Amino acid sequence: MISPFKDPVYVTRPFLPPLEEFIPYLQQIWNSKQLTNNGPFHQQLEQALCDYLGVKHVALFTNGTVALITALQTLRIAGEVITTPYSFVATAHSLLWNGIKPVFVDIDPVTLNLDPDRIEAAITPQTTAIMPVHCYGRPCDVDRIEKIADNYGLKVIYDAAHAFGVKCHNGSVLNNGDLSVLSFHATKVFNTFEGGAIVCHDAKAKQRIDHLKNFGFVDDVTVVAPGINGKMSEFNAALGLLQLKGIDAAIQKRQAVDTRYRKALSAVKGVRCLPPPGEGVSNYAYFPILVQPDYPLSRDALYQKMLDQGIIARRYFYPLISDFPMYRGMPSAAHANLPVAKQVAEQVICLPIHPALSNEQVDSVAGIIVG
Ligand SMILES: Cc1ncc(COP(=O)(O)O)c(C=O)c1O
């Protein structure tokens, strides 16, 4: 079939400011010759993000994956960590990079986040932490997770890679848990080309993170930990400052796309949209649909039909992390342990959603699904 569009419609397109607005920032970097190592843009962006997100401390990183790895180091997490199989591989990879054993627990069928009802049964004497993901930027049940963590003396590190700007009943979702990790990858709601951050709640934790992301250096002759190079450059930080100016408008445009899809798809039998965001503030990062058995096509047939018409949707998150070779031999990776995640991974398609998507494009994507 011929695509109605000149160019493919991608699941996402990076949000970028006008290039000419970035040039003065570059000029400042060229003038100062400070390219990295906690330069002026880095310091400004950390403060600006604290203000925008409503959090106490932000430590910028080169990407979200190194931030996750460092968050685990910050709290000296070891042994076993309970996590979700329904996420991007970096969530579990960050555990393996620390020599930690991931223990996969099934997801809730409505929120698609770690199911709090199943966490306790997975706790062993080796468990030291829980690493939930606010999947698609939809908040986990933070109160119940906190209660379980408190009862068992566990730490909580949220993979909040999708949750930039998200608020739940108690304010910024990033204020829950011991640490939260953001990704500013090109595909995310807020991007710095590549980038990430750890959000923490006290100055002591921030100081430890700052040491760890700079090889463990405290000063030029003192190294206190086997740290890594996780520093964000001035180039990325400068872009972040400029991106922040347009972020509210970008999220509003995403919201309009979300609303339009919901309206167009509400009556389609066999297609389930996730419930609209409840109380709080959403960032409309993704628009997943679940293609159920009473839809006339299989998920993969619908995915292919879209591809044939130039719509590059994505099957996030398929396969499950626990089905990749480095995880699938683990007892917790067994399909019998993860029936909900397995089913959702086989039904999900994330539809294109980004600020530059036109009404015509949204209608065309929805039209393919309506059939
Ligand atoms: C849930 C999740 N965790 C972690 C990451 C890793 O972030 P980054 O690509 O910035 O390393 C991503 C995305 O890329 C993600 O979607």
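Placed above this text is the structure.
Anyway, here's the lowdown on the structure attached to this text.

About the criteria used
Residues numbered from 1 in each chain as written. Predicted model: local features only at pLDDT ≥ 70, side-chain atom pairs only at ≥ 80, totals over all residues. Heavy atoms only, no water. Patch = residues over 30% accessible without salt bridge, like charges linked within 9 Å, V, L, I, M, F, W, Y side chains within 5 Å. Areas by Shrake-Rupley, 256 points an atom, 1.4 Å probe, with all protein chains shown as cover. Salt bridge = Lys/Arg side-chain N within 4 Å of Asp/Glu carboxyl O. Lys, Arg positive; Asp, Glu negative; His and termini not counted. Charge placed at Lys NZ, Arg CZ, Asp CG, Glu CD. Helix = DSSP H or I, 4+ residues; strand = E, 2+ residues; numbered from the N terminus. Buried < 20%, exposed > 50% of the residue type's maximum accessible area, 1.4 Å probe, protein only. Pairing = 2+ DSSP bridges. Phe/Tyr/Trp six-rings, centres within 6.5 Å; stacked < 30°, edge-to-face > 60°. Lys NZ or Arg CZ within 6 Å of the ring centre and 35° of its normal. Near = heavy atom within 4 Å. Polar contact = N/O pair within 3.5 Å; in protein donor to acceptor, adjacent residues only side chain to side chain. Nonpolar A, V, L, I, M, F, W, Y, C, P; charged D, E, K, R; others polar. Core = buried A, V, L, I, M, F, W, Y, C linked by side-chain atoms within 4.5 Å. Contact = heavy atoms within 4.5 Å. Axes fitted to C-alpha atoms, helices over the stretch in contact; angles between N-to-C directions.

**Structural notes on a negative patch on the surface**
And step 1. On the surface, Asp141, Asp143, Glu146 and Asp150 cluster together into a patch of negative charge.
And step 2. By the secondary structure assignment, aspartate 141 is in the loop between strand S5 (127–131) and helix H6 (142–152).
And step 3. For aspartate 141, a relative accessible area of 35% corresponds to the partly exposed category.

**Examining the pairing of strand S14 (residues 287–291)**
And step 1. Of all five residues in S14, five are buried, a share of seventy percent or more.
And step 2. Taking every second residue as pointing to the same face, both faces of S14 are buried, with Phe287, Ile289 and Val291 on one and Pro288 and Leu290 on the other.
And step 3. Inspection of the sheet shows strand S13 (residues 271–273) paired to S14 by three bridges, in the antiparallel sense. Counted as the bridge partner of valine 271 is valine 291 from S14.
And step 4. Sheet analysis places S14 next to strand S16 (residues 348–351), joined by four bridges and oriented antiparallel. Bridge pairing links phenylalanine 287 to leucine 351 in S16.

**Quick notes on the packing of aromatic side chains**
Where two aromatic rings form a pair, the distance of their centres and the angle of their planes describe that pair.
And step 1. For the coordinates displayed, the defined rule picks out 17 aromatic pairs.
And step 2. When the centroid spacing of 5.0 Å and the interplanar angle of 90 degrees are considered together, the rings of phenylalanine 184 and phenylalanine 190 count as edge-to-face.
And step 3. Among the residues examined, phenylalanine 184 registers a relative accessible area of 0% and is labelled buried.
And step 4. Among the residues examined, phenylalanine 190 registers a relative accessible area of 1% and is labelled buried.
And step 5. What links up through ring pairs into an aromatic cluster is the set Phe22, Tyr25, Phe41, Phe193 and Phe235.
And step 6. Stacked on the ring of tyrosine 318, the Lys or Arg arginine 299 has its end atom at 4.5 Å from the ring centre.

**Comments concerning the site of the ligand**
And step 1. The environment of the ligand is made up of 15 residues, and the closest members are Gly64, Thr65, Asp159, Ser183 and Lys188.
And step 2. In this structure, an oxygen atom belonging to the ligand sits 2.7 Å away from a side-chain N or O atom of serine 183.
And step 3. Between the ligand and lysine 188, the relevant distance is 3.1 Å, taken from an oxygen atom to a side-chain nitrogen or oxygen of the residue.
And step 4. In the complex, 92% of the free accessible area of the ligand, which totals 380 Å², lies under the protein chains.
And step 5. Among the residues forming the shell around the ligand, the class breakdown is four nonpolar, nine polar and two charged.

**Section: the nonpolar core**
And step 1. Residues Leu49, Tyr86, Tyr136, Ile289, Leu351 and Ile369 are the most contacted members of the largest nonpolar core, which totals 104 residues.
And step 2. No other element matches helix H8 (residues 234–265), which puts eleven residues into this core.
And step 3. Not counting the four nearest positions on each side in its chain, tyrosine 136 is found in contact with Tyr86, Leu112, His162, Leu274, Asn283, Ala285, Tyr286, Pro288, Tyr316, Phe317, Val348 and Cys350.
And step 4. Grouped together as the second largest cluster of nonpolar side chains are 20 residues, Ala59, Met131, Leu179 and Ala205 included.

**Digging into the sheet that holds S13**
And step 1. Ordered by their spatial adjacency, three strands build an open sheet running S13-S14-S16, and the pairing between neighbours is antiparallel. Each edge of the open sheet carries a strand with a single partner, namely S13 and S16. Strand-to-strand twist across the sheet, computed as the mean angle between neighbouring axes with direction ignored, equals 30 degrees.
And step 2. In the packing of H8 onto the sheet, the strands contacted are S13, S14 and S16, and the crossing angle to S14 comes to about 20 degrees.

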